[in-house]
Every structure is written in structure tokens, then in C-alpha cells.
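# Geometric and topological summary
One-letter residues, chain by chain:
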Amino acid sequence: MIAGEERNIETKTASFFCVNHSGTLWRGKCYGEQWWTGIEAAHRGVLFLHGYATPDLPGRKGITAVDCATGEALWKSADVTFLSASQGSVYASRDVTGGRVLLELDHRTGVEKSVVGRGDDSLGQAPAGEDETVDVIFPQTLPGEPGERDAEMATRVAADAAGGLPVEYAGNGTYVVVSYYRKERRPRDEQRPFTQELRVVEAAGGATMHESTIDPDAAGPRYGAFLIMGETLLFVRGQRTLTAVRLRRQ
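Counting of residues starts from 1 at the beginning of each chain's written sequence and follows it residue by residue. Totals for whole chains, interfaces and linings use every residue, but because this is a predicted model, local features are given only for residues with pLDDT of at least 70 and side-chain atom pairs only at 80 or more, for both listing and counting. In computing side-chain properties, one takes all heavy atoms of the structure into account and sets aside hydrogens as well as water.

### Observations concerning the environment of Gly51
To keep things clear, this is the line we draw: To qualify as a helix, a DSSP run of H or I must reach at least 4 residues; to qualify as a strand, a run of E must reach at least 2; elements of each kind are numbered from the N terminus. Residue burial is assigned from relative accessible area. The probe radius is 1.4 Å, only protein chains are included, and a residue is buried under 20% of its type maximum, exposed over 50%, and partly exposed in between. Any two residues whose heavy atoms approach within 4.5 Å are treated as being in contact.
With respect to the helices and strands, the residue Gly51 is situated in strand 5 (residues 46-52). What makes Gly51 buried here is its relative accessible area of 16%. A C-alpha to C-alpha distance of 4.5 Å links Gly51 and Thr37, two positions 14 residues apart in sequence. Excluding residues within four positions of it along the chain, Gly51 makes contact with Trp36, Gly59, Arg60, Lys61 and Gly62.

So this is what it looks like as C-alpha cells:
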């Protein structure tokens, strides 16, 4: 499953969604705060959202736990701050008289399991977040390693790329996915003179299997243009549309 957020700048509203390989599981869900909220993490089928201590400061505070499969809120706690999630537990800090405490909470119920430590120094005892990204490939940036075949293919694909802007690539053994920028001779908007392109080519031979324009009016570079999950390529077209392309492995 992949969870994400949709933001409407004009109405200052944020909503959340979750999709899987079959399509949209749920969409358009809000959980109280309409704007000052965002995704913190996901762990064992639960999505964790954060709020902010105050709207004009970046300090995060509060946890809302959401069932990824259904979009239903499981629990909320306004006075704790998310630190990590591991082995079915959420580790969070709470401000108390004399400092902060580190708590271990059940990830699906929010019930307090234990007080792990007291004082600001105790926050370092929170375990690292559990890595659940199975069979996910994130893009790298050229030039890559010397002699790397995927990097060499990406260099060929992006031969007309605009200088000084990143070329991202990733390969899964059968295909190489490449994202790069081209500068338009006559852009529709002089402040946005680039197009961001994406191409999927065969690792052996370089034949084009798919191509898309990610952004027709790009002002400058953005990293992390796509990812590969299993046999699915995922990217956001036009900063609006989550797009999935099936990559068949040989």
C-alpha cells in the first residue's frame, strides 16, 4: 500500500489517500486539522499523521493513527511527539514537569506500554524506525559508479538533458528508468523554462518501452521523481496525478 496527501493551496485544506496495486483504497479523508498536518510515518499497516505545536513554527506535535486498509482513525494523542516505530510499538516523547519522557505505545491502540526513560537525554533510547520497504528501488543521480551499466544507459537516454540539472535513474535488471530535464527554446512561461521527462528503456539494447512528461513547465530541479515498487513504476505527473506503470520482469 502507498499512502499520500493531497493539498489544495487555494482552500488551505489537506486530505489523505491510500492506494495499492488494485487501485484506490480510500481518498479524501481528513482527521480534524484541515491544513497544519502531514504524514509522519507508516508501520505495519498503520499510517501516522502529525500536527504542529503552533501553526507558524515547524515543531511537530500530536499523533493521529490511521488504518491504511480502511482509512479509519484508530487513535489520537495531542500531547505526544512521534519519534519512531518498531516491532509493533510507537516511541514518542511527552513534555512533563521537569523535562520530557520517552513512551512506548501500542501502534494500533495508542495504549501506553511503558515509560522507557525520563529527561531529554532519554529520547536517544528510541530505536531506529523499522525498515518495511520491501522490493523498493529509489532513483540515483548521475554520474553513478564508473562502469555501471544502468548509469551508462541513463547517460545515453538523457543525451539532450539541460546542463546543470539532475538526471535520475534506476534499474531493475530488465529496464532502466530515467528522469531528466530539457530546456525549451520557446517556453510558455519564462519563469518555468524546463520540461521534466521520464523514459523507460530496455536494459539490453535501450529500446524505449514507455515515456511521459512528468512536468511540462518546471521551474527547476526536484529530486525523487519516481520509484519502482516490485514490478510497478510510480511517479506524479504534473504535480497532480499519481501514475503507475507496470514493468514486467524477464
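### Details of unusual backbone geometry
Most peptide bonds are trans, and most residues other than glycine sit at a negative phi. Following Leu142, the chain continues into Pro143 via a peptide bond in cis, with omega recorded as 25°. Within the secondary structure, Pro143 is located in the loop between strand 13 (140-141) and helix 1 (149-157). Its identity is not glycine, yet Arg44 carries a phi of approximately 50°, on the positive side. A positive phi angle is found at Gln87, which is not glycine, with a value near 55°. Take Gln87: it is sitting in the loop between strand 8 (80-86) and strand 9 (89-96). Accessibility expressed as a relative area gives 57% for Gln87, which makes it exposed.

### Some words on the packing of aromatic side chains
Put simply, the rule is: A pair of Phe, Tyr and Trp rings is counted when the ring centres sit within 6.5 Å of each other, with Trp represented by its six-membered ring. The angle between the planes then sorts it: under 30 degrees is stacked, over 60 is edge-to-face, the rest tilted. Placement of a charge over a ring requires the Lys NZ or Arg CZ to be within 6 Å of the ring centre, with the centre-to-atom vector within 35 degrees of the ring normal.
Across all of its chains, the model carries four aromatic pairs by this definition. Look at Trp36 and Tyr52: their rings are 5.8 Å apart centre to centre, the planes differ by 85°, and that puts the pair in the edge-to-face class. With Trp36 in the loop between strand 3 (23-29) and strand 4 (38-43) and Tyr52 in strand 5, the pair connects residues that are 16 residues apart, well separated along the chain. The partly exposed category is assigned to Tyr52, whose relative accessible area is 27%. Of the aromatic side chains, those joined through ring pairs into one cluster are Phe48, Trp75 and Phe82. In this structure, Arg7 packs its charged tip against the face of Trp35, placed 4.9 Å from the ring centre.

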